[in-house]
Each structure stands twice: as structure tokens, then as C-alpha cells.
Amino acid sequence: RVAGVAPVSGFGERLAAAVAARASQVVLGLDPDPRRVPGGAEGARAFCRRAIAAAGPACVAAKIQLASFERFGAAGWDAFERVAAAAAEAGLLVIADAKRGDVDVTSRAYADAFLREPIDALTINPSLGGDAVAPFLEAATAGGRGLFALVRTSNPGAAELQDLPLASGGLWHEAVARKVAEWGAPSVDGSGLSALGAVVGATVPERIAALRALMPHQPFLIPGVGAQGGRPEDLGAAFGGRAAGALVAASRSIIFAENPRRAAEDLRETLWSTYEASS
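Residues numbered from 1 in each chain as written. Predicted model: local features only at pLDDT ≥ 70, side-chain atom pairs only at ≥ 80, totals over all residues. Heavy atoms only, no water.

## What about the side chain of Gln 162?
And step 1. By the element assignment, Gln 162 lies in helix α7 (residues 159-162).
And step 2. By relative accessible area, which is 14% here, Gln 162 ends up buried.
And step 3. A distance of 2.8 Å separates a polar atom in the side chain of Gln 162 from the backbone nitrogen of Thr 153. (Helix = DSSP H or I, 4+ residues; strand = E, 2+ residues; numbered from the N terminus. Buried < 20%, exposed > 50% of the residue type's maximum accessible area, 1.4 Å probe, protein only. Polar contact = N/O pair within 3.5 Å; in protein donor to acceptor, adjacent residues only side chain to side chain.)

Take a look at the structure:
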């Protein structure tokens, strides 16, 4: 859907083409907070439309936080659908940030719910293991779509579990990273990227190089820049030598900025420079 990008089959190829066309690795995070965005579901929809119009040209994708819309019930779901359609119409890849994951039968239902037009990718929780991830991967690869599995998240409390040492050596999140690399290996396409990516927080830059070594073919979706304190200049190792190796999501620092377009453009320029310096 990105202007000038030819249709390609694998998610990695689609992602690489979109990043090249936009010269951007910025993901516009859309998570309207009712304390700052009044008007219920319709207010959230209108706010996100304005954010897409203002900042979208400097971004490659939009990450829509489902909880921000689900809180409004049926009206929220309608608003989510309309925001997703608006992002797609603006030429952005659409990431549904839903963090779904359950036993295989339920995972298949979640995959049916989210891995369809206009959604290009879905965040998932891989903690139930390979049989729970498999239905997501099957649906994603069949439709040229992608997944981003939670590996090492950006929140402060993540260390309580994700950094636990294992009796066999290493940390819990490193074991998850190895599994994500294993599960995603069959979907690596000509771009060198898998359809199964990884969520890795910008707030733990000291972990990124090790995680990139464990997951050489996973596109990283990196939250935590801006309001959470992550620095884009610290993310060079995340790209792995590929422009589309890492996507950096920013929400509050863009959507609530005095000038959202300028904030997105500044982040785009910093990230591209960081990628080039790391290659």
C-alpha cells in the first residue's frame, strides 16, 4: 500500500520496501489517553486521525494500542477499525498492539481476528510456547503479514521475571529470544528478515547487542523511546546492518508534542543517522 512499493509476498520484504520508500524507521504509537483526549471513542478516533495527518508522513508504520479503544466497548472497536483504515490510507503499515496469546485453538481465533486487512502485523505474547505461537505464524505467513513477540519489554517491572537467571545458564528473556529465532526461521525471506519479529525495549540498551546476536533475522519493534527514557542514539546494535532491522515506536513524545510532525521528523533523522553509523 505504500506509494511506489511493488507488491511482495514475505513480511520482511514488505517491511524492507516500506522502510526504503519512506526513509523512516519511526512507528507512530497511537494510544489516546482519555485524561488527555476527551470525547470517548469518537474523540479517540478524531485525535488519531489528526496525529496520522500531522506525523504520518515522517513514519513508516502506525502501532495502534488496542486497550485504548477496547475500553470503550463496541464503539471503541469501531473507532479502532476506522483508525486502522486511516493509517493504511496514509500509506503506513498497521501494527495492532494487542499482545495476544493463548492455547492453540484460541490463538487461531485471535489470528483470524487481527491478521487481515488493513492490519499488517500483530504483537503477541509467546509465553505459552510454540504450539500457541504456531497458529499466529501460519496465518501471518499465509497473508504476507508479520508478528512481534514480546521478548524483553520496556517497563521497569520487566526485570522481575524477564531477567531471571536460568539454572542452565543465561536469562529467561534470552531463552525466549532463542525460541523466537527458531520459530521464525522458516519465514525468513529474501530481505533476510523473518515474519516473526521481537519486541525489545529501548530502556535496556545494554541488552540489545546480545539479543541481536541471538535473533539475527528478527525485525525488532522497539518501544520506550521518549517518555519512557530510551534514547534513539543508543539503538545502533538493533539494526543488525539492515535499515529495516529495527522499528522504533514513539507515542506520547510525538502525539502530544507541540509540533507532532517536527517531533516525528527529528526522530526519523536521528534513527537513520544511528543506523548508518552502525552499518
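## Some details on unusual backbone geometry
And step 1. The amide bond that connects Glu 117 to the next residue, Pro 118, takes the cis arrangement and shows omega of 0°.
And step 2. Tracing the backbone shows Pro 118 in the loop between α5 (104-114) and β4 (121-124).
And step 3. The residue Ala 23 is not glycine, and still its phi comes out positive at about 50°.
And step 4. Summarising the element assignment, Ala 23 is placed in the loop between α1 (11-22) and β1 (26-30).

## Observations concerning the sheet that holds β4
And step 1. With respect to topology, eight strands assemble into a closed barrel ordered β1-β2-β3-β4-β5-β6-β7-β8, the strand pairing being parallel. Between one strand axis and the next, the sheet turns through 30° on average, direction left out of account.
And step 2. As judged from the three bridges shared by β1 and strand β8 (residues 246-250), these two strands associate in the parallel manner. Following the sheet pairing, Leu 28 is matched in β8 by Ala 250. (Pairing = 2+ DSSP bridges. Axes fitted to C-alpha atoms, helices over the stretch in contact; angles between N-to-C directions.)

## Thoughts on helix α9 (residues 205-214)
And step 1. Along α9, the residues that are buried comprise Ile 208, Leu 211 and Arg 212. One side of α9 holds all its buried residues, which, seen down the axis, span an arc of 100°. Across from the buried face of α9, at angles greater than 90 degrees, the exposed residues are Glu 206 and Ala 213.
And step 2. Elements that come into contact with the buried residues of α9 comprise β5 (146-152), α8 (172-184), β6 (196-200) and β7 (220-222). (Arc of directions from axis to C-beta. Contact = heavy atoms within 4.5 Å.)

## Quick notes on the packing of aromatic side chains
And step 1. This model, assessed by the stated rule, comprises seven aromatic pairs.
And step 2. Ring centres of Phe 11 and Phe 148 lie 6.2 Å apart, and the angle between their planes is 80°; on these two criteria the pair is classed as edge-to-face. Here Phe 148 lies in strand β5 and Phe 11 lies in helix α1, a separation of 137 residues in the sequence. Across this residue pair, the class does not change: Phe 11 and Phe 148 are buried.
And step 3. For the ring pair Phe 47 and Phe 256, a centre distance of 5.4 Å and an interplane angle of 35° mean the geometry is tilted. Of the two residues, Phe 47 sits in helix α2 (residues 40-55) while Phe 256 sits in the loop between α10 (252-255) and α11 (260-278), which places them 209 residues apart along the sequence.
And step 4. By way of ring pairs, the aromatic residues Phe 69, Trp 77, Phe 80 and Phe 114 are connected into one cluster. (Phe/Tyr/Trp six-rings, centres within 6.5 Å; stacked < 30°, edge-to-face > 60°.)

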